[in-house]
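Overview (structure and organization)
Letter by letter, the chains look like this.
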Amino acid sequence: MSTKTLVEICPLCEGTGWKTLQTGNQRRVTRCDCMLRARAGRMLERARIPKRYEHCELSNFEFEGPHRRLAPARMAACKFVEEYPLDNTGLLLIGPIGTGKTHLAVGIIKELMGGKGASCLFYDYRELLKEIQNSYNSSVQVTELEVLRPVFESEVLVLDELGAVKPTEWVWDTVSLILNTRYNNNRTTIITTNFDDKPAGTVAGPRAAAREETLGDRIGERMRSRLHEMCRIVRLDGEDFRQKFRSASFR
Ligand SMILES: Nc1ncnc2c1ncn2[C@@H]1O[C@H](COP(=O)(O)OP(=O)(O)OP(=O)(O)O)[C@@H](O)[C@H]1O
Ligand SMILES: [Mg+2]
Ligand SMILES: [Zn+2]
């Protein structure tokens, strides 16, 4: 038996990838749905969305009843998708732990890949810095530029948990290289963070000695101000979804 018979042939285009549209007596040839689906599928694979966020969609992000405080954030996400690519402004999703920042970010890039054909890439900030650092190790085959190229070039990048690595000179240099390169190339960046969008050294903690760290403390003031040029700010306000709602539904 030839392998050809095992491959399912698309009935719409008979495998050509093109289909004919007939409106009145006008005929037009256009990309077949099967090609668009396959393309979105390949993009999804390349986007590196972690398994535990695979279920995240804008359509299953709850924003009613007990979650109504999340409605403005979801609305901002939907508007962003609708308008993309209006300009290259990204989003800075800020909020406490477990409020759905990563869920929204993943939901957005899935829509952009499926609906707009935009290439997207997901990276956890800690993972990315670890991969870059790892590339300096001479026994590792991948070079720093090989790690960074898709991060620089992807049309849309999600940088999840910005600031989650203890800041050092190297961390600051690396994050500014990434953000500045994307900014200069007019790329769209979606960022999530738990840190308050405040200047370095400004927020007093509950105890006099303890001071809560801000985004300014974690990435530096220059990069925080760059972020304001690159992104619109969206605040997520609510309770920890993992603790409160998930565990309740497992009972
Ligand atoms: N509004 C929501 N509707 C449906 N599921 C949600 C919602 N918010 C959060 N979740 C789910 O709760 C879990 C935690 O959400 P998520 O990881 O997006 O939070 P986060 O704000 O990124 O938290 P962290 O600050 O720890 O990174 C995920 O499984 C997510 O799918
Ligand atoms: Mg998150
Ligand atoms: Zn087809």
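Look up: the structure comes first, before these words.
First, a word on what this report is: a plain description of the structure on this page. (Residues numbered from 1 in each chain as written. Chains lettered and ligands numbered in written order. Predicted model: local features only at pLDDT ≥ 70, side-chain atom pairs only at ≥ 80, totals over all residues.)

Structurally, the α-helix is built with 3.6 residues per turn, so residues lying three or four positions apart point the same way. Within helix α8 (residues 221–230), burial applies to Met223, Arg224, Leu227 and Met230. Along the long axis of α8, the arc covered by the buried residues comes to 115 degrees, so they all point the same way. For α8, exposure combined with an orientation more than 90 degrees from the buried face picks out Ser225, His228 and Glu229. Buried-residue contacts for α8 involve β3 (90–94), α6 (169–184), β6 (188–193), α7 (215–219) and β7 (231–235). (Buried ≥ 20, exposed ≤ 12 C-beta atoms within 10 Å, placed from the backbone. Helix = DSSP H or I, 4+ residues; strand = E, 2+ residues; numbered from the N terminus. Arc of directions from axis to C-beta. Contact = placed C-beta atoms within 7 Å.)

It is worth spelling out the sheet that holds strand β5 (residues 156–160) at this point. Remark on secondary structure: sheet strands pair via backbone hydrogen bonds, oriented parallel or antiparallel. The five strands lie next to each other as β4-β5-β6-β3-β7, forming an open sheet whose pairing is parallel. The open sheet is flanked by β4 (120–124) and β7, the only strands paired with a single partner. Going across the sheet, the axis of each strand differs from the next one's by a mean of 15 degrees, ignoring polarity. Two strands pair when backbone bridges link them, and β4 and β5 are joined in this way by five bridges, in the parallel orientation. Bridge assignment links Tyr123 to a residue of β5, and that residue is Leu159. Its contacts with the sheet place helix α4 (residues 125–135) against β4 and β5, and it is angled at close to 85 degrees to β4. (Pairing = 2+ DSSP bridges. Axes fitted to C-alpha atoms, helices over the stretch in contact; angles between N-to-C directions.)

What follows is about unusual backbone geometry. Cis geometry marks the peptide bond from Tyr84 to Pro85, where omega comes out at -5 degrees. Relative to the helices and strands, Pro85 is located in the loop between α2 (71–83) and β3. A positive phi angle, near 65 degrees, is found at Glu161, a position not held by glycine. Following the sequence through the fold, Glu161 ends up in the loop between β5 and α6. At Asn186, a position not held by glycine, the phi torsion is positive, near 55 degrees. In this fold, Asn186 is placed in the loop between α6 and β6. A residue is classified by how many C-beta atoms lie within 10 Å of it, and Asn186, with 10 of them, is exposed.

By nearness alone, 19 residues border ligand 1, and Gly100, Lys101, Thr102, His103 and Phe241 come closest of all. Taken together, the elements giving at least two residues each to the shell around ligand 1 come down to α3 (101–116) and α9 (241–250). In terms of residue count, α3 provides more of the shell around ligand 1 than any other element does, three residues in total. Taken together, the residues that form the shell around ligand 1 break down as five nonpolar, 10 polar and four charged. (Near = placed C-beta within 6 Å. Nonpolar A, V, L, I, M, F, W, Y, C, P; charged D, E, K, R; others polar.)

Grouped together as the largest cluster of nonpolar side chains are 43 residues, with contacts concentrated most on Leu93, Ala105, Ile108, Ile109, Phe122, Tyr123 and Val158. Among the elements that make up this core, the one with the highest residue count is α3 (seven residues). Ignoring sequence-local partners within four residues, the contact set of Ile109 consists of Ala47, Cys120, Phe122, Val156 and Val158. (Core = buried A, V, L, I, M, F, W, Y, C linked by C-beta atoms within 7 Å.)

A word on the packing of α4 against helix α5 (residues 144–153). Across the interface, α4 lies against α5 with an axial gap of 8 Å and an inter-helix angle of 150 degrees. Taken together, the axes of α4 and α5 are roughly antiparallel relative to one another. The segment α4 lies against α5, with Leu128, Glu131, Ile132 and Ser135 engaging Glu144, Val147, Leu148 and Val151. Among the residues making up the contact of α4 with α5, the classes are represented as five nonpolar, one polar and two charged. (Parallel < 35°, antiparallel > 145°, perpendicular 65-115°, else oblique.)

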